[in-house]
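Commentary on secondary and tertiary structure
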Amino acid sequence: MAVVLAFTCTVLRFDAAVFAAAMLASKIGCITRPTVTTFFATVTSSAVVAMVIDAYYWQQKWMWAELNVFVFNVVQGRSSEWGVSPPRFYFTHFIPRLLLGAFPFACIGMLVDSRSARLSMACFAAVGVFSANAHKEWRFILPAVPIFNMYAGIGVSKLYQVARFRQLVALAATMAAALSLVITATMTLISSYNYPGGHALALLHAIEPSSNVSVHIDTFSAMTGVCRFGQLRADWVYDKSEGLDLDQFGNFTHLLTSDPKPHSKRGFEIIGTQHGYSGIRLDFKQLLAGQLPISVRQKPLVWVMHRVHHGGSKTGSACFTCDLPV
């Protein structure tokens, strides 16, 4: 276990160290000297492997990606640049949303089962540490979900042992599981509309046959689906530089942007528009037609732009608008 925790924290997810430390602290009396030696030996060897691999792929010496993430987010405190939430947010928003129907049973399980109190306290301590950071994301506390689900199972089991509540508990647990499944499927569908940047890049690949392409990807596009896996053309230049002056965009042949107006005045034309999620529409009249009463509203979010060649000539005049299927 020490080897797995050390490798995970060093190579895969540095923030997993918070949960690892909390779990180890809850079992401090069981930790032996060989365990400590194995843990630090694994950390050291894993760090060396990570730096060799990261340095190769990032083309930087002494590159340790997870350490850089830790320094950026925690030491420098720059994670707040991506949004802030109040300290209670994990407990009042993310945990109930992650557990859905299991949440009330998890609360009951933690109240009625004292045997695993150390485990629950360690879990809450880890979530509390993350709560101290102003920037919060649900993915940071994913290691806590299996533990809470375990407590939900304990809660259902304890309630089911009460004979007069047995049928009611079975019905409630079944309905909670079914409701969680429906909500998860619905939210998965809705979340698929949150990646207009990635779809815009795919649209550019589809409509631009040229090999002499230099495309700038703005921050919004990069945050909504553009990644290395979508950069399919080895003969293209993909640039995500931030803080550029408007005149510097003239060095690119194409743009993916969430704000086309300033570029339209500086020699760029819109050749494609990508729509994305803008809300939910409820129309119960659709039930009469045998359709779901819920649908996803979309609006233009990312524009694909092409620089007009000097002298007023253009490489193309068609404009493509892409909606995601509802």
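Structure first, text after, so check above.
These numbers were taken from a predicted model, which means no experiment stands behind them.

The rules we used
Residues numbered from 1 in each chain as written. Predicted model: local features only at pLDDT ≥ 70, side-chain atom pairs only at ≥ 80, totals over all residues. Heavy atoms only, no water. Helix = DSSP H or I, 4+ residues; strand = E, 2+ residues; numbered from the N terminus. Contact = heavy atoms within 4.5 Å. Phe/Tyr/Trp six-rings, centres within 6.5 Å; stacked < 30°, edge-to-face > 60°. Buried < 20%, exposed > 50% of the residue type's maximum accessible area, 1.4 Å probe, protein only. Lys NZ or Arg CZ within 6 Å of the ring centre and 35° of its normal. Axes fitted to C-alpha atoms, helices over the stretch in contact; angles between N-to-C directions. Parallel < 35°, antiparallel > 145°, perpendicular 65-115°, else oblique. Left-handed = near helix turned anticlockwise from the far one by under 90°. Nonpolar A, V, L, I, M, F, W, Y, C, P; charged D, E, K, R; others polar. Core = buried A, V, L, I, M, F, W, Y, C linked by side-chain atoms within 4.5 Å. Salt bridge = Lys/Arg side-chain N within 4 Å of Asp/Glu carboxyl O. Expected span 1.5 Å × (residues − 1).

Here we take up the environment of V237. Position of V237 among the secondary structure elements: in strand β2 (residues 236-239). A C-alpha to C-alpha distance of 4.6 Å links V237 and S214, two positions 23 residues apart in sequence. Contact partners of V237, with chain neighbours within four places excluded, come to V213, S214 and V215.

Now for the packing of aromatic side chains. Summed over the entire model, instances satisfying the criterion amount to twelve aromatic pairs. Centre to centre, the rings of F89 and F94 are 5.2 Å apart; their planes meet at 80°, and the pair counts as edge-to-face. Both residues of the pair, F89 and F94, count as buried. By the ring-pair criterion, three or more aromatic residues cluster together here, those being F14, W64 and F70. Its guanidinium or amino end placed over the ring of Y160, R166 lies 5.0 Å from that ring's centre, counting from NZ or CZ.

This part covers the environment of K299. Residue placement: K299 occurs in strand β5 (residues 294-307). Exposure remark for K299: the relative accessible area of 42% places this residue in the partly exposed category. The spatial distance from the C-alpha of K299 to the C-alpha of G276 is 5.7 Å, given a sequence separation of 23 residues. The contacts of K299, once residues within four sequence positions are left out, are Q274, H275, G276 and S278.

Turning to the packing of helix α7 (residues 117-131) against helix α8 (residues 145-160), a few remarks are in order. Running from N to C, α7 and α8 point in directions that differ by 140°, and their axes come no closer than 10 Å. The angle between α7 and α8 falls in the class oblique. As α7 runs across α8, the sense of the crossing is left-handed. Contact residues: A117, L119, S120, C123 and F124 in α7; I147, F148, M150 and Y151 in α8. Residues belonging to the contact of α7 with α8 are distributed by class as follows: eight nonpolar, one polar and no charged.

F19, Y90, L99, V127 and I141 are the most contacted members of the largest nonpolar core, which has 25 residues in total. Of all the secondary-structure elements, those providing two or more residues to this core are α2 (16-26), α5 (89-99), α6 (102-112), α7 and α8. The element contributing the most residues to this core is α8, with six residues. Once residues lying within four places of it in the same chain are set aside, the contact partners of V127 are F19, Y90, F91, I95, I141 and A144.

What follows covers the pattern of salt bridges. All chains considered together, the criterion is met by five salt bridges. Close ionic contact of E81 with R78 constitutes a salt bridge, the shortest N to O distance being 3.0 Å. Given a relative accessible area of 35%, R78 falls into the partly exposed group. For D247, the salt bridge is made with R266, and the minimal N-O distance between the two is 2.5 Å. Placement of D247 in the loop between β2 and β3 (254-257) and of R266 in the loop between α12 (261-264) and β4 (268-282) is noted, with a sequence separation of 19 residues between them. Judged by its relative accessible area of 59%, D247 falls in the exposed class. For R266, a relative accessible area of 45% puts it in the partly exposed group.

A separate point is unusual backbone geometry. Of note, W62 is a non-glycine position whose phi angle comes to about 55°, a positive value. Relative to the elements of secondary structure, W62 occurs in the loop between α3 (33-58) and α4 (65-75). Positive phi is not limited to glycine here, since L100 has a value of about 55°. Structurally, L100 can be placed in the loop between α5 and α6.

Before going further, it helps to examine α8. Here α8 spans 22 Å end to end across 16 residues, near enough to the 22 Å set by a 1.5 Å rise per residue. Residues of α8 that are buried: V145, I147, F148, Y151, A152, I154 and G155. Taken together, the buried residues of α8 touch α2, α5, α6 and α7.

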